[in-house]
Amino acid sequence: MNKSPKNIKIEDYLYNLPDEKIAKYPLQKRDESKLLVFEKGVITETIYFNLALKIPEKSLLVFNNTKVVEARLLFKKDSGSIIEIFCLEPSEIYADITSAMLEKSSVQWKCLIGGAKKWKDETLTKQINELHNLSVHKIEKKTDYFLIEFNWSNSNLTFAEILHLAGEIPLPPYLNRNVEENDKLTYQTIYATENGSVAAPTAGLHFTDSVFNDLKNKKIKIDFVTLHVGAGTFKPVKAATIQEHEMHAEFIEVELIFIENVLQNLTENIIAIGTTSLRTIESLYWIGVKLISNKIIYEKIVPEVFQWDAYELPQNISAIDSFNFLIGWMKNNSLKKIITKTQIIIAPGYKLKIANGLITNFHQPKSTLLLLIAAIVGDDWKKIYQHALENNYRFLSYGDGCLLWNN
C-alpha cells in the first residue's frame, strides 16, 4: 500500500552541498567515475568500469535513450540586446515531441524567454548559415511560458536539425559556466537516439562501450525506454509540503516489445539507470492499473499518469496483472508503442512496483529527485550522502553516482 507523501516537509530533505562538491566538468574517462553501492544498509565503493561485478547475472538494466537537443537559442535585436529563447516542449497541436521535432519549415513551441521585456512584437531573425535563416515571433504569453512560432528558410531541414545548427546545449544552471564545445559530446549518453530532452539522463553518462561489453559477457540484459527530460527536472520545491508542489509532466515513449520484456523479467533484478528510467517503468505499471480499473478496452487513448495517481488508484493489482492487461490492450488496439505523459511523484511512502534497484547521480538538496532516493532507501539517504560528501564524491550532473538496492 502506497502511503501518500503529501504532508512531507521538504525542509527534512535539506543537506549542505558546498559549491566545490559540484562537478563542473566530467572526468576524461566516463567509466572512471566513482560508484557508491548501497545494499542492506552497507556502503561499499567501486568505479563504473567495474559495474558488471556488482550486478547479478540475468538482471535487466533499463536505460533512457533520449537525446539532449540544443534547446537554447540566442537572438540579437537591432538595438544589440540579446534575447534568449529556451525551448521547453512542443505546442499541444502536435501528438508528441518526436513528430514536432520532425516538422519542416515551421513549428510552434512552448518556450521560456530571457529578456522578454526587451522583446516587443517584432519578428527576430538569426542566420543559420550563409544561405538560410531562422525567424521567431511570439504567438501568446501563458502563465508559465510563451508560445513561439519558429520559421526557417530551408524546407529540407527538420526542427531537430535547425536546433543542432542554431542552438546551444542547455547545461544545468547550477554549473554556473558557459557551454563549451566539448559539452556537445560529454553531456550526452553514448546510446542517445531520440531527440527531445533539455537535460541529459545523467546516470547514463558514465556508461562506455567497455562497460556494456562487460555487462553482455555476464549475461546481463539491457533495454531502452524514452522519457524526454524537461526543464522541470531542475524545478526546486519551494512549497513547505509536497502537497503544494506541482510535479512536472514529461513525455514518455515505450515500445510494446519492451513491456513484454519487462513482464518476462519480473522475477529477475530490474535496475533502472537513472530516475527518468525509473519513473517511466513505474508509470507503465500505473497505466495498466488505470486501464484495468477504468475498464478501457478498445479506446486507443493512452492514459496519462498524474501526480497523485500512485497513491489514489487501486493498490491491490500485481505487476504481472497490470503488464498483462496493458499488453493485451495494446494488441487489441494494434499499438506497437505507447506515447503519453507522466507526472508521477515517487517519494517516501511509495513502494516500487517494477524496479528493485537504481543507478543514479547525487541530487540537489530539497529536490523531488532526492525524495525519490528516500523512497528507495528511507532515511539512509542521509548516511549515503554524508559518506559521499566526506569521501570526495563529485555531485550533480557531471558527478559520480550510486547503485541503490531497494530496502
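As a reminder, the structure under discussion sits directly above these lines.
Residues numbered from 1 in each chain as written. Predicted model: local features only at pLDDT ≥ 70, side-chain atom pairs only at ≥ 80, totals over all residues. Heavy atoms only, no water.

**Some points on the overall build of the chain**
What counts is decided by this rule: By the criteria applied, helices consist of DSSP H or I runs no shorter than four residues and strands consist of E runs no shorter than two, each listed in order from the N terminus. C-alpha atoms define the radius of gyration, and 2.2 Å times the number of residues to the power 0.38 defines the globule rule. With a 1.4 Å probe rolled over the protein chains alone, any residue whose accessible area is under 20% of its type maximum counts as buried; one over 50% counts as exposed, and the rest are partly exposed. Each accessible area value is a Shrake-Rupley result obtained with a 1.4 Å probe; residue values ignore everything except the protein chains displayed when judging cover. Only four residue types enter the charge count, namely Lys and Arg as positive and Asp and Glu as negative; His and the chain termini do not. The location of each charge is read from NZ of Lys, CZ of Arg, CG of Asp or CD of Glu.
Assigned secondary structure in the chain consists of ten helices and 17 strands. Over its C-alpha atoms the chain spans a radius of gyration of 21 Å, differing by no more than 12% from the 22 Å that the globule rule assigns to 407 residues. Each principal axis of the C-alpha atoms in the chain carries an extent, and together these give about 60 × 55 × 45 Å. The proportion of buried residues among the 407 residues of the chain is 56%. Accessible area of the chain: about 18000 Å², with a carbon and sulfur share of 49%. One way to put it: in the chain the 46 positive side-chain charges average out to a point 2 Å from where the 48 negative ones average out.

**Looking at the sheet that holds strand β9 (residues 133-141)**
To be explicit about the condition: Any two strands with at least two DSSP-identified bridges between them are counted as paired. Here an axis means a line fitted to C-alpha atoms, over the contact stretch when the element is a helix, while the angle between two N-to-C directions is reported on a 0 to 180 degree scale. Any two residues having at least one pair of non-hydrogen atoms within 4.5 Å are treated as being in contact.
On the basis of which strands lie adjacent, the open sheet formed by six strands has the order β5-β6-β7-β10-β9-β8 and antiparallel pairing. Only two strands of the sheet have a single neighbouring strand rather than two, namely β5 (72-76) and β8 (124-127). Strand-to-strand, the axes of this sheet are offset by a mean angle of 40°, without reference to chain direction. In terms of strand pairing, strand β7 (residues 106-114) meets strand β10 (residues 146-152) through six bridges, oriented antiparallel. Its bridge partner being in β10, S106 is matched across the sheet by N151. This element, helix α2 (residues 159-166), spans β5, β6 (82-90), β7, β8, β9 and β10 of the sheet and lies at about 90° to β10.

**Quick notes on the sheet that holds strand β16 (residues 357-361)**
Pairing in this open sheet of nine strands is mixed, and the strands run β2-β1-β17-β16-β14-β3-β12-β13-β15 from one edge to the other. Each edge of the open sheet is held by one strand with a lone partner, namely β2 (42-47) and β15 (337-342). Neighbouring strand axes in the sheet, compared pairwise and without regard to direction, differ in orientation by 25° on average. Of the strands in this sheet, β3 (60-64), β12 (221-227), β13 (250-255), β14 (270-273) and β15 touch helix α5 (residues 256-264), which is tilted by about 75° from β13. Packing of helix α9 (residues 368-377) onto the sheet brings it into contact with β1 (34-39), β16 and β17 (401-405), and relative to β17 it is tilted by some 40°.

**Side note on the side chain of T276**
By secondary structure assignment, the location of T276 is in helix α6 (residues 275-294). Setting aside residues no more than four positions away along its own chain, T276 makes contact with N64, P201, L227 and V229.

**Description of the environment of I344**
Structurally, the position occupied by I344 is in the loop between β15 and β16. Among the residues examined, I344 registers a relative accessible area of 1% and is labelled buried. Between the C-alpha atoms of I344 and I43, which are 301 residues apart in sequence, the distance is 29 Å. When near neighbours in sequence (up to four residues on either side) are disregarded, I344 contacts M247, R279, E282, S283, W286, V305, F306, Q307, A310 and Y350.

By themselves these figures say nothing about function.
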